[in-house]
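Single-letter residue listing:
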Amino acid sequence: MTANEELPLLDALRGLGMLQQELLRLALFIASQGHGTYEGETLTCTLPDSQRRISTLLAMCAGQSFEFLLRLAKQRGIPVRDAYPIARSAVESFVNASYLLAESDAVAERAIKYAEFAAWRHHNRKFGSGEFSIEIQSDPDPAATLYSKFPEFAGKGNGSWTNLDVPSRIRRVGELTGRKAGSRLLGAYGLIYSLSSEVIHGSPFGASFFYSAHLQGEHTTEAFVAGTVRQLEEILIALLHAGCGYLAAFFEKQKIHSAVRAEEKLFNRLMSLSTKPAADFPFPLPH
């Protein structure tokens, strides 16, 4: 098959995303059921219980968001802006899932406890500034509850499930599960994280980027629509990096060799697609 006979890049990436989702479903099945088979190999989940529970929860959330984005990728124009916050959530969920399965069970147990603490804090907090402040309190003595029920989260700097920033979590994944997982997650982070932050927070640059990226000097509706196709391609490439990072961490950590090979084959295809010139692909038809 020649380059010009191939699918449009966006469609090829969607197809690759569907294949990745199948591998993700395999990982989630093994984690939830404890065992399964793939290409004649018996697969067994060896993760400690806390790591298995919390990392699987986050990976499932990421997969659900990815599934929605594969459908959203059929859209053009204005709706594409909403792909950025969903993509950011999926990428960071894959990073966190990878980090929690890579680290110790104690780290995972803190993350599970944090879910309970954060639910309590949501109903016992203050927000705002100066005169424009609101206090919510469902607990008659929140200070006493904090120190008696959630002592590990009391004190300055202890109110989160981890003190590591996202790049540091990615570094730990690479150190503990292998360079493949770490490098794939880092690629996803670089492709989407800061840009999606600009869009999510409604910054001037975020708005300007969405409406003007890839215009190539043509200030027309057609050029804008074509630009949103390019943005969707970039978003899917970032998501595929993140999903591959999680799969590499999950399968490498547990030495599930057949699935490790399947993830590597998928990632190599991703790299082949994403490094070709745009001119090698036909432009997708409008939806």
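Residues numbered from 1 in each chain as written. Predicted model: local features only at pLDDT ≥ 70, side-chain atom pairs only at ≥ 80, totals over all residues. Heavy atoms only, no water.

Novice: Quick question: what am I supposed to make of the packing of aromatic side chains here?
Specialist: Any two aromatic rings considered together are summarised by their centre-to-centre distance and by the angle between their planes. Taken as a whole and assessed by the stated rule, the structure comprises 15 aromatic pairs. Seen in terms of ring centroids, Phe210 and Phe224 are 5.7 Å apart; in terms of plane orientation they differ by 85°. Their pairing is edge-to-face. Of this pair, Phe210 sits in helix H8 (residues 204-212) while Phe224 is found in helix H9 (residues 221-253), placing the two residues 14 residues apart along the sequence. Here the aromatic rings of Tyr246 and Phe250 are separated by 6.0 Å at their centres, their planes lie at 35°, and the arrangement is tilted. (Phe/Tyr/Trp six-rings, centres within 6.5 Å; stacked < 30°, edge-to-face > 60°. Helix = DSSP H or I, 4+ residues; strand = E, 2+ residues; numbered from the N terminus.)

Novice: Please clarify how the side chain of Asn96 should be interpreted in this entry.
Specialist: Of note, Asn96 is situated in helix H3 (residues 83-102). By relative accessible area, Asn96 is classed as buried at 10%. Ignoring anything within four residues of it in the chain, the contact list for Asn96 reads Leu58, Trp161 and Arg169. (Buried < 20%, exposed > 50% of the residue type's maximum accessible area, 1.4 Å probe, protein only. Contact = heavy atoms within 4.5 Å.)

Novice: Would you mind showing me how to read helix H7 (residues 179-200) here?
Specialist: Side chains three or four residues apart in an α-helix point the same way, a direct result of the helix having 3.6 residues per turn. With 22 residues, H7 ought to run about 32 Å at 1.5 Å a step, and its terminal C-alpha atoms sit 30 Å apart, in line with that. Largest kink in H7: about 35°, centred on Tyr189. Within the sequence span of H7, burial applies to Ala181, Gly182, Arg184, Leu185, Ala188, Ile192, Tyr193, Leu195, Ser196, Ser197 and Val199. Looking at the buried residues of H7, the elements they touch are H3, helix H6 (166-177), H8, H9 and helix H10 (257-274). (Expected span 1.5 Å × (residues − 1). Bend = angle between axes of the 7 residues up to and from the residue.)

Novice: Help me understand the pairing of strand E1 (residues 35-38), please; the structure alone is not making it clear to me.
Specialist: Along any regular strand the residues' side chains alternate between the sheet's two faces. Looking at chain direction, E1 and strand E2 (residues 41-44) are connected through four bridges and run antiparallel. The partner of Thr37 across the bridge, within E2, is Thr42. Between E1 and E2, which follow one another and run antiparallel, lie two residues, and Glu39 among them has a positive phi close to 50°. (Pairing = 2+ DSSP bridges.)

Novice: Whenever I open this one, the side chain of Thr228 confuses me. Can you help?
Specialist: Topologically, Thr228 is positioned in helix H9. Within polar-contact distance, the side chain of Thr228 engages the backbone nitrogen of Gly77 at 3.0 Å. Beyond its immediate chain neighbours, meaning those up to four positions away, Thr228 contacts Arg76, Gly77, Val80 and Phe210. (Polar contact = N/O pair within 3.5 Å; in protein donor to acceptor, adjacent residues only side chain to side chain.)

Novice: Just to check I follow, could you spell out the nonpolar core for this structure?
Specialist: Note on soluble globular proteins: their nonpolar side chains tend to be buried together. Formed by 86 residues in total, the largest nonpolar core has its most connected members in Leu13, Tyr84, Leu236, Leu239, Tyr246, Phe250 and Phe251. Of all the elements, H9 adds the most residues to this core, at 18 residues. (Core = buried A, V, L, I, M, F, W, Y, C linked by side-chain atoms within 4.5 Å.)

Novice: Explain a nonpolar patch on the surface here, please?
Specialist: A contiguous nonpolar patch, built from Phe127, Ile134 and Ile136 and spanning about 230 Å² of accessible area, is present on the exposed surface. Counting through the fold element by element, Phe127 comes out in strand E3 (residues 124-129). Residue class for Phe127 comes out partly exposed when judged on its relative accessible area of 35%. (Patch = residues over 30% accessible without salt bridge, like charges linked within 9 Å, V, L, I, M, F, W, Y side chains within 5 Å. Areas by Shrake-Rupley, 256 points an atom, 1.4 Å probe, with all protein chains shown as cover. Salt bridge = Lys/Arg side-chain N within 4 Å of Asp/Glu carboxyl O.)

Novice: Could you clarify how one ought to interpret the pattern of salt bridges in this entry?
Specialist: Pairing between side chains becomes possible if they bear opposite charge and their charged atoms approach one another. Considering all chains together, one arrives at 13 salt bridges under this definition. One salt bridge connects Arg52 with Asp49, and the closest N-O pair in it is separated by 2.6 Å. Of this pair, Arg52 and Asp49 both sit in helix H2 (residues 49-72), three residues apart, roughly one helical turn. According to the relative accessible area criterion, Arg52 is partly exposed, its value standing at 22%.

Novice: Would you explain unusual backbone geometry in this entry?
Specialist: A negative phi holds for most residues other than glycine; trans holds for most peptide bonds. The phi angle at Glu39 is positive, at roughly 50°, despite the residue not being glycine. With a relative accessible area of 61%, Glu39 lands in the exposed category. With phi around 65°, His214 is a residue other than glycine that occupies positive phi space. Here His214 shows up in the loop between H8 and H9.

Novice: Before we go on, may I ask you to explain the pairing of E3 in this structure?
Specialist: Of the pairings in the sheet, the one linking E3 to strand E4 (residues 132-137) comprises six bridges and is antiparallel in character. If you follow Asn124 over to E4, its bridge partner there is Gln137. Adjacent in sequence and paired antiparallel, E3 and E4 are bridged by two residues, among which Gly130 carries a positive phi angle near 60°.

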